[in-house]
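# What the coordinates show
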Amino acid sequence: MHILVTGGAGFIGGHLAEQFVTDGHDVVVLDNLDPFYDLDIKRHNIDIAREAAEAGDGSYEFIEGDVRDADLVTELVTDADYVYHQAAQAGVRPSVEDPRKYDEVNVDGTLNLLDACRDTGIERFVMASSSSVYGIPRSLPYEETHPTTPVSPYGASKLAAERYAMAYSQVYDLSAVALRYFTVYGPRMRPNMAISNFVSRCMNGEPPIVYGDGTQTRDFTYIDDVVDANISLLDTDAADGQVLNIGSTDNIEIRTLAEEIRDQLAPERELVYEERHDADAEHTHSDITRARELLGYEPSHTIREGVEEFVGWYQDNRGWYESLVRK
Ligand code: NAD
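Definitions and limits used
Residues numbered from 1 in each chain as written. Predicted model: local features only at pLDDT ≥ 70, side-chain atom pairs only at ≥ 80, totals over all residues. Heavy atoms only, no water. Helix = DSSP H or I, 4+ residues; strand = E, 2+ residues; numbered from the N terminus. Polar contact = N/O pair within 3.5 Å; in protein donor to acceptor, adjacent residues only side chain to side chain. Contact = heavy atoms within 4.5 Å. Near = heavy atom within 4 Å. Areas by Shrake-Rupley, 256 points an atom, 1.4 Å probe, with all protein chains shown as cover. Nonpolar A, V, L, I, M, F, W, Y, C, P; charged D, E, K, R; others polar. Phe/Tyr/Trp six-rings, centres within 6.5 Å; stacked < 30°, edge-to-face > 60°. Lys NZ or Arg CZ within 6 Å of the ring centre and 35° of its normal.

## Examining the side chain of S130
As for its placement among the helices and strands, S130 is situated in strand β5 (residues 124–130). At 2.9 Å, the side chain of S130 and the backbone nitrogen of S132 are in polar contact. The residues touching S130, leaving out its near neighbours within four places in the chain, are Y154, K158, L179, R180 and Y181.

## A word on the site of the ligand
Residues in contact with the ligand amount to 29 residues; listed here are only the nearest, D31, Y37, D66, Y154 and V184. V67 is positioned with one of its backbone polar atoms (N or O) 3.0 Å from a nitrogen atom of the ligand. Across the complex, the protein chains shield 97% of the 810 Å² of accessible surface that the ligand would expose by itself. Only α1 (11–22), β5 and α6 (153–172) provide two or more residues apiece to the shell around the ligand. Looking at the shell around the ligand residue by residue, the class counts come to 14 nonpolar, 8 polar and 7 charged.

## A closer look at the packing of aromatic side chains
Counted under the stated rule, the structure contains 15 aromatic pairs. Geometrically, the ring pair formed by W320 and Y321 is edge-to-face, given 5.8 Å between the ring centres and 75 degrees between the ring planes. Of the aromatic side chains, those joined through ring pairs into one cluster are F310, W313, Y314, W320 and Y321. Its guanidinium or amino end placed over the ring of Y211, R93 lies 4.6 Å from that ring's centre, counting from NZ or CZ.

Below is the structure:
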């Protein structure tokens, strides 16, 4: 299959591209190497996927370009059977500083892809959405039918993008699926996220910093599970025209997670508490029944198993990765 992965130099797109080429597919990655975090990780992601292609039957091409460039997007979609749209301006807190950029990249960029997919005819458009679309919890865990009231410009932009995808599915009969990811973590994760920060600080004998009182809850979802959910969409049209939660099964308080990582890596340290940001969701907790039924999705890692794997990977890659987390 010819697969276009947008944002394929990033954390999730990088893992996805690597798995696709390992499985023998022909992958083109479109990514503008946005400097939201250190580019060394993105170059590393590109190298890993390229090496996977060289080692197997798949092929890999990296295109440095922007999803806001409609002509480029159309050209690349024309050759694709599937489009996996992972490119986005990520980050909840920075979206409060620059909402318009989030709109341009996350909404206009998605529309460029949807237009191209509609006009060229592809097998399926799969896009990364986010638990941030839910915003204010009325009942937990979130079912996909839960009201969407995002509390950050980032969440609003992801909601608008997935609504467009669903509308194109209805009006133009485009096979489109939106996966609402819940806080994804694992090797090569974005350096500015809670788990990478907790692990990095504890490894250096420093206490983890928790924002707010730490009673916020999260479904931390292991990267392999997110990749598996995406890959299953190559083989089924059962989820076309739908949004699906992709989360984990063991919801955890951030404070508890920080304590567990501290107990393992820096037992003598007390947690440090700093002010919580208003744009951060209070609770995210997924009901994954729909993904289970339609995709056979089943999270393979508990949070403890996933963190253990991440810590092992961190220790093996400490030399280059740690300097990026601590920048
Ligand atoms: P990431 O920042 O690592 O990856 C996004 C990639 O998109 C980056 O490589 C970036 O350079 C690229 N990009 C940004 N703007 C672009 C543009 N204008 N044109 C082309 N490429 C551009 O983030 P990630 O964690 O891998 O997230 C991937 C997707 O999953 C995003 O759509 C994000 O909104 C969504 N998501 C992530 C999480 C998570 O916990 N990581 C949770 C929910 C949703």
